[in-house]
Every structure is written in C-alpha cells, then in structure tokens.
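# Descriptive analysis of the structure
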Amino acid sequence: MELAEKELGGLEGKTVLVIGAGEMGTLVAKALANKDIKVIYVANRTFEKAQSLACELNGTALPYEKMEKYIRIGCCDKCNKAPHFVLTTEMMSGIMGEKRISC
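All of the points below concern the structure found in this document. (Residues numbered from 1 in each chain as written. Predicted model: local features only at pLDDT ≥ 70, side-chain atom pairs only at ≥ 80, totals over all residues. Heavy atoms only, no water.)

Take the overall build of the protein chain next. If you tally the helices and strands in the protein chain, you get five helices and four strands. Going from the N terminus to the C terminus, the protein chain shows its helices and strands as α-β-α-β-α-β-α-β-α. Going through the 103 residues of the protein chain one by one, you find that 36% of them count as buried. Considering only intrachain contacts with a sequence separation of at least 6, the fraction spanning at least 24 residues in the protein chain is 55%. Put simply, the protein chain shows about 6600 Å² of open surface, and 52% of that area lies on carbon and sulfur atoms. (Helix = DSSP H or I, 4+ residues; strand = E, 2+ residues; numbered from the N terminus. Buried < 20%, exposed > 50% of the residue type's maximum accessible area, 1.4 Å probe, protein only. Contact = heavy atoms within 4.5 Å. Areas by Shrake-Rupley, 256 points an atom, 1.4 Å probe, with all protein chains shown as cover.)

A separate point is the pairing of strand β3 (residues 60–63). Bridging between strand β2 (residues 39–44) and β3 involves four bridges; their strand directions are parallel. Residue pairing across strands places A43 opposite L62, the latter belonging to β3. (Pairing = 2+ DSSP bridges.)

In this section: the pattern of salt bridges. Scanning all chains against the criterion turns up two salt bridges. For E5, the salt bridge is made with K35, and the minimal N-O distance between the two is 3.1 Å. Here the residue E5 occupies a position in helix α1 (residues 2–8), and K35 occupies one in the loop between α2 (23–33) and β2, the gap between them amounting to 30 residues. For K35, a relative accessible area of 31% corresponds to the partly exposed category. When the shortest N-O distance is used, the salt bridge between K30 and E56 registers 2.9 Å. Of this pair, K30 sits in helix α2 while E56 sits in helix α3 (residues 47–57); the two residues are 26 residues apart in sequence, bridging distant segments of the chain. (Salt bridge = Lys/Arg side-chain N within 4 Å of Asp/Glu carboxyl O.)

Laid out in structure tokens, this is it:
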C-alpha cells in the first residue's frame with residue numbers, strides 16, 4: 001500500500017479494486033477503507049464473499065468474471081491466494097495499450 005501511495009501521490013479520491021475477499025484481501029481492503037478511497041470494488045470467485053466484504057466497507061461487489069472491465073477504468077490492488085495468475089500478461093497488455101483513464 002505504501003508503494004501505491006508513493007507512486008500515485010496518495011490514495012485519497014482513488015478507485016481501488018481488491019481481488020480476493022479472503023484473509024489478505026480483507027486486511028488490505030479494511031486498511032484501504034481508512035485512506036479516504038473514492039470507491040472500493042471487491043471481486044471474489046464466490047460473489048457472496050465479495051458482497052459481504054463490500055457491504056462491510058461501504059464498497060461495491062463485482063462478479064469475478066467482470067473484474068477486467070473494472071481494471072480498465074480504475075486502479076487495482078491484488079490480494080489472493082490463487083495458485084495461478086489472476087491478472088494475466090494478455091489481460092494487462094490489452095489494458096495498458098488502451099487510453100488510460102485517471103484513477
């Protein structure tokens with residue numbers, strides 16, 4: 001989080017997507033909630049877990065399969081225990097090649 005704050009000049013007013021609503025995602029999301037974030041989106045493979053965490057944080061739950069759309073319009077902080085890459089090179093290459101929308 002400190003690196004994101006440094007690179008982005010702070011997190012105030014930013015949009016964040018937390019991928020994963022497990023232990024790590026919850027810890028990060030709760031820490032972000034204290035940073036005056038504009039909106040926190042939560043995506044999780046189990047939508048109900050995303051809804052539960054988002055509700056607790058006054059955020060918005062997203063279906064896991066739609067997170068790429070939201071990465072294209074905001075910033076992202078990845079927190080999960082998936083044994084595979086969640087954000088693929090192909091996904092990020094396509095996103096980075098598009099016109100960047102300010103977070």
